[in-house]
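Okay, here's what each chain looks like letter by letter:
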Amino acid sequence: MDFSPAMITALRQASHIAVLTGAGISAESQIPTFRESHTGLYAKYNPQELASPEGFRKDPKLVWEWYAWRRSMVTKAEPNPGHKALVDMEKHAKNFTLITQNVDGLHIRAGSKNVLELHGNLMKTRCSQENTLVTEWEDDKTIPPKCPTCGAFLRPDVVWFGEKLPTIPLQKATLAATSCQVFLSIGTSTIVEPAASLPFLALHQGADVIEVNPEPTPLSKQVAFTLRGAAGIILPELVQAAWGLGG
Ligand code: BJW
């Protein structure tokens with residue numbers, strides 16, 4: 001792909017690069033996205049209904065099993081060249097903040113260091129009442145399993161619709177968006193708040209915003225640079241164009 005020289009210069013000269021990722025970056029690791037999914041439980045159930053406190057109250061067993069299915073998918077998945085290119089980008093950038101909406105942990109498994117998980121992590125479990133992380137529980141075959149301390153249902157440690165995002169990661173993400181020189185928005189439909197506002201915060205404070213997505217989003221018309229295509233192809237080429245062979 002031919003990259004604009006201005007974009008490459010901006011990347012090289014930036015003292016702080018911030019990146020926001022969404023489900024699209026893990027699509028090439030065979031993890032389905034949310035809003036374009038036509039397979040498995042994503043086709044049968046609406047993820048937006050299952051990923052909510054109401055969905056959990058209505059059918060806790062279905063929600064637990066949906067997450068157990070996704071957990072098994074994530075366990076088998078491997079980071080793809082898009083995740084790995086961001087590891088390389090972090091090594092070249094003077095300051096680098098990777099903000100992710102993904103709960104699959106693939107950035108950390110790929111080797112990225114400064115990662116802010118805004119929507120939690122699928123591999124962790126917490127008590128639905130006390131909100132404490134729980135690592136062990138009795139397997140008495142009830143689904144969902146129960147909290148060993150208070151007996152309430154356990155739930156995945158992720159952020160559902162209507163729930164507050166973790167305070168410190170969100171504060172750090174907002175600070176990164178408002179202070180970076182370059183902001184990359186990768187593989188996100190840019191509709192779920194408050195994460196969707198981050199690239200706009202970056203735009204308004206004067207950062208160069210680059211979108212990587214095969215499809216247009218509400219952000220597309222406002223950004224200086226759009227890279228249309230798969231993150232797993234574009235990001236390694238972009239890192240090579242900015243910093244040379246070998247990433
Ligand atoms: C590729 C690709 C390839 C494909 N390469 N790209 C303001 C206005 C309106 C509404 C709200 C508002 N503020 C808050 C709300 C409500 C709500 C919200 O935003 N609703 C919208 C639907 C409008 N937000 C919330 O409820 C949030 N909470 C909150 O604001 O609380 C306030 C509060 C304060 C004080 C007290 C209490 C509350 C919480 C949001 C939590 C979102 N949770 C989920 C589920 C997480 C757990 C799980 O995984 O199950 O997070 S929903 C789901 O959407 C998930 C994702 O992280 C998130 C974003 O999706 P993403 O990543 O963008 O995926 P897709 O599928 O939408 O897009 C994929 C993209 O990839 C596409 O564009 C493809 O083209 C692209 N692509 N292949 C590159 N190879």
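Everything in this summary refers to the structure shown in the same document. (Residues numbered from 1 in each chain as written. Predicted model: local features only at pLDDT ≥ 70, side-chain atom pairs only at ≥ 80, totals over all residues. Heavy atoms only, no water.)

### Quick notes on the state of the cysteines
- Counted under the stated rule, the structure contains zero disulfides.
- Just so you know, Cys150 is unpaired, no disulfide at all, and the nearest cysteine sulfur is the one on Cys127, 3.6 Å from it.
- On the accessibility criterion, Cys150 (37% relative accessible area) is partly exposed. (Disulfide = S-S within 2.5 Å. Buried < 20%, exposed > 50% of the residue type's maximum accessible area, 1.4 Å probe, protein only.)

### Some details on the site of the ligand
- As a structural note, the neighbourhood of the ligand is formed by 37 residues, with Arg35, Tyr67, Arg70, Gly162 and Ser189 the closest of them.
- With respect to the ligand, the backbone of Ala23 contributes an N or O atom lying 2.8 Å from an oxygen atom.
- In the model, an oxygen atom of the ligand is placed 2.8 Å from a nitrogen or oxygen of the His119 side chain.
- The fraction of the free accessible surface of the ligand (1,500 Å²) that becomes covered by protein chains is 76%.
- When atom positions are compared with the pocket grids, the ligand is found to occupy the largest pocket.
- At the level of elements, helix 2 (24-27) and helix 6 (60-76) are the ones that each hand at least two residues to the shell around the ligand.
- Residues that form the shell around the ligand fall into these classes: 18 nonpolar, 11 polar and eight charged. (Near = heavy atom within 4 Å. Polar contact = N/O pair within 3.5 Å; in protein donor to acceptor, adjacent residues only side chain to side chain. Areas by Shrake-Rupley, 256 points an atom, 1.4 Å probe, with all protein chains shown as cover. 1 Å grid on protein atoms, 1.4 Å probe; cavity = no way out; pocket = protein on both sides within 12 Å on 5 of 7 lines; lining within 4 Å. Sits in = over half its atoms within 2 Å of the grid points. Helix = DSSP H or I, 4+ residues; strand = E, 2+ residues; numbered from the N terminus. Nonpolar A, V, L, I, M, F, W, Y, C, P; charged D, E, K, R; others polar.)

### Let's talk about unusual backbone geometry
- Here Ile143 and Pro144 are connected by a cis peptide whose omega angle stands at -5 degrees.
- With respect to the helices and strands, the residue Pro144 is situated in the loop between strand 4 (120-127) and strand 5 (154-158).
- Cis geometry marks the peptide bond from Glu193 to Pro194, where omega comes out at 0 degrees.
- On the secondary structure map, Pro194 appears in the loop between strand 6 (182-186) and helix 10 (198-204).
- The phi dihedral of Gln30 is positive, around 65 degrees, even though this residue is not glycine.
- Tracing the sequence through the fold places Gln30 in the loop between helix 2 and helix 3 (40-44).
- Assessed through its relative accessible area of 63%, Gln30 is described here as exposed.
- Even without glycine at this site, Thr190 takes up a positive phi of about 60 degrees.
- Looking at the secondary structure, you find Thr190 in the loop between strand 6 and helix 10.

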